[in-house]
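Examination of the molecular architecture
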Amino acid sequence: MLGLFDSGLGGLTVLQRLRERLPQQDIIFFADQLHVPYGDRTPGELVELLRANVEFLDARAVDAIVMACNTSCATAAREGWPVTKAPILDLIESAAIAVESAGYQRIGVVATAATTATRAYTQKITSRISRAHVFEVAAPALVPLVEAGKLVGEEPRAAVAAVCAQLPPDLDAVLLACTHYPLLDAHFAAALGEGVARIDPAIVHAERAAAIAAHEGFAPGTGSITCITSGDPERFRLAVTNVLGKLPEITFER
Ligand code: DGL
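Residues numbered from 1 in each chain as written. Predicted model: local features only at pLDDT ≥ 70, side-chain atom pairs only at ≥ 80, totals over all residues. Heavy atoms only, no water.

1. Examining the overall build of the chain
- Within the chain one finds 11 helices and 10 strands.
- Scaling as 2.2 N^0.38, a compact globule of 254 residues should have a C-alpha radius of gyration of about 18 Å, and the chain matches this with 17 Å.
- In terms of its C-alpha atoms, the chain occupies a principal-axis envelope of roughly 45 × 40 × 35 Å.
- Out of the 254 residues belonging to the chain, those deemed buried represent 51%.
- Considering only contacts in the chain between residues 6 or more positions apart, those separated by 24 or more positions represent 76%.
- Carbon together with sulfur atoms contributes 54% to the accessible area of the chain, which is approximately 10,900 Å² in total.
- Once the 21 positive and 29 negative side-chain charges of the chain are each reduced to a mean point, those two points are 1 Å apart. (Helix = DSSP H or I, 4+ residues; strand = E, 2+ residues; numbered from the N terminus. Rg over C-alpha atoms; globule rule 2.2 N^0.38 Å. Buried < 20%, exposed > 50% of the residue type's maximum accessible area, 1.4 Å probe, protein only. Contact = heavy atoms within 4.5 Å. Areas by Shrake-Rupley, 256 points an atom, 1.4 Å probe, with all protein chains shown as cover. Lys, Arg positive; Asp, Glu negative; His and termini not counted. Charge placed at Lys NZ, Arg CZ, Asp CG, Glu CD.)

What follows is the structure, encoded as C-alpha cells:
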C-alpha cells in the first residue's frame, strides 16, 4: 500500500498518475484541508504538519510514502525529513530528474510562497544541471481557487495569466511545482503558449514509485483508494468525485 498526503485536492493529481502507473497498488490519501493552504504557513507550522502527516501514514504501515505536497518537500529540504519506517519519495527530486532527462536549461518554477522561500527547487535542479537557469515565482492565489472548485472561467484564467506574466521570456519549460496546479493546466497552456513545455513532476514521480515497488517487491493489492480529509467530508467527497470521477474502488474514511 502506498501512502500520500497533501494539504488538499492537489494530492489527487499525484494519485491519478500513480493509479495509471500502478493499478494494482492500494493507495491511502490524506488531504489536510483543515490547514490548507500550506503555502501561506510559517516554517515552524510546516515542520509540525510534515511530521504529523508522515506519522499518520507510517502508522498505517504503508510500504512507501509518495510525497504529494511540494511545500512539505521544500520544508524537508531545509529542515530535514522526519524518521519513518516507510521510505519517502521526494517530489522535488522527481521534478529535478524530469528537467534533467528532458535537457531543459531555462526553467520557470511556479510554486507556493513557502516553497519558493526555501529555494529548494533551484538547489535541486542546479545540483543536477550546473548550467541551468531557474526562475522561481510564487503563486499564492491559485491553491484557494482550486480548493473552491474554480477550475474553469475568467477568474482562474486571469490568476494564472498574472502569475505567468512574472516569468522571464525564452523559457524552455515551466514546472508546475505545486500539485494543485495541474488542475489549472489548460490556463497555463493558454498563458505560456506553445513554445514553452509544462512539466508535471508527478509523471516522473509515478515512474520512480513504480520502480521502487518493483525493486522492493511491494505486494500488489486490489487497487483500492482510501481518501481521508481533516476538513469537511461531504465537500471533499464531491470534490474528489469531480476530479477522479465516480469510481467503485474509492472509499472515504473519517
Ligand atoms: N499542493 C501543495 C504543494 O504541492 C500545497 C499547496 C498549499 O496548500 O498551499 O505545494
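2. A word on the nonpolar core
- Grouped together as the largest cluster of nonpolar side chains are 39 residues, with contacts concentrated most on Phe5, Val109, Tyr121, Ile125 and Leu175.
- Those elements that place two or more of their residues in this core are strand S2 (27–31), helix H2 (43–59), helix H3 (70–79), helix H4 (91–102), strand S5 (106–111), helix H6 (120–128) and strand S7 (173–176).
- The leading source of residues in this core is H4, at 6 residues.
- Dropping the residues within four chain positions of it, isoleucine 125 is found in contact with Ala96, Val99, Ile107, Val109, Ala132, Val134 and Leu175. (Core = buried A, V, L, I, M, F, W, Y, C linked by side-chain atoms within 4.5 Å.)

3. Focus: the packing of H4 against helix H10 (residues 202–216)
- Viewed as axis vectors pointing N to C, H4 and H10 meet at an angle of 110°, and their least axial separation amounts to 8 Å. Relative to H10, the element H4 lies roughly perpendicular. Residues Leu91, Glu93, Ser94, Ile97 and Ala98 of H4 touch H10, and the partners they reach there are Ala202, Val204, His205 and Arg208.
- Considering only residue class, the contact of H4 with H10 consists of 5 nonpolar, 2 polar and 2 charged. (Axes fitted to C-alpha atoms, helices over the stretch in contact; angles between N-to-C directions. Parallel < 35°, antiparallel > 145°, perpendicular 65-115°, else oblique. Nonpolar A, V, L, I, M, F, W, Y, C, P; charged D, E, K, R; others polar.)

4. Regarding unusual backbone geometry
- Here valine 36 and proline 37 are connected by a cis peptide whose omega angle stands at 0°.
- With respect to the secondary-structure elements, proline 37 resides in the loop between S2 and H2.
- Its identity as a non-glycine residue notwithstanding, aspartate 170 has a phi of 60°, on the positive side.
- Checked against the element boundaries, aspartate 170 lands in the loop between helix H8 (154–164) and S7.

5. What about the sheet that holds strand S4 (residues 88–89)?
- Overall, parallel pairing links the 6 strands, which are arranged S4-S3-S1-S2-S9-S10 in an open sheet. The sheet terminates laterally at S4 and strand S10 (250–253), the two strands that pair on one side only.
- Judged from the 4 bridges that link them, strand S9 (residues 225–229) and S10 form a sheet pairing that is parallel. Each residue of the ladder has a partner; that of cysteine 227, found in S10, is phenylalanine 252.
- Sheet strands in contact with H2 are strand S1 (2–6), S2, strand S3 (64–66), S4 and S9, and its direction is about 155° off that of S1. (Pairing = 2+ DSSP bridges.)

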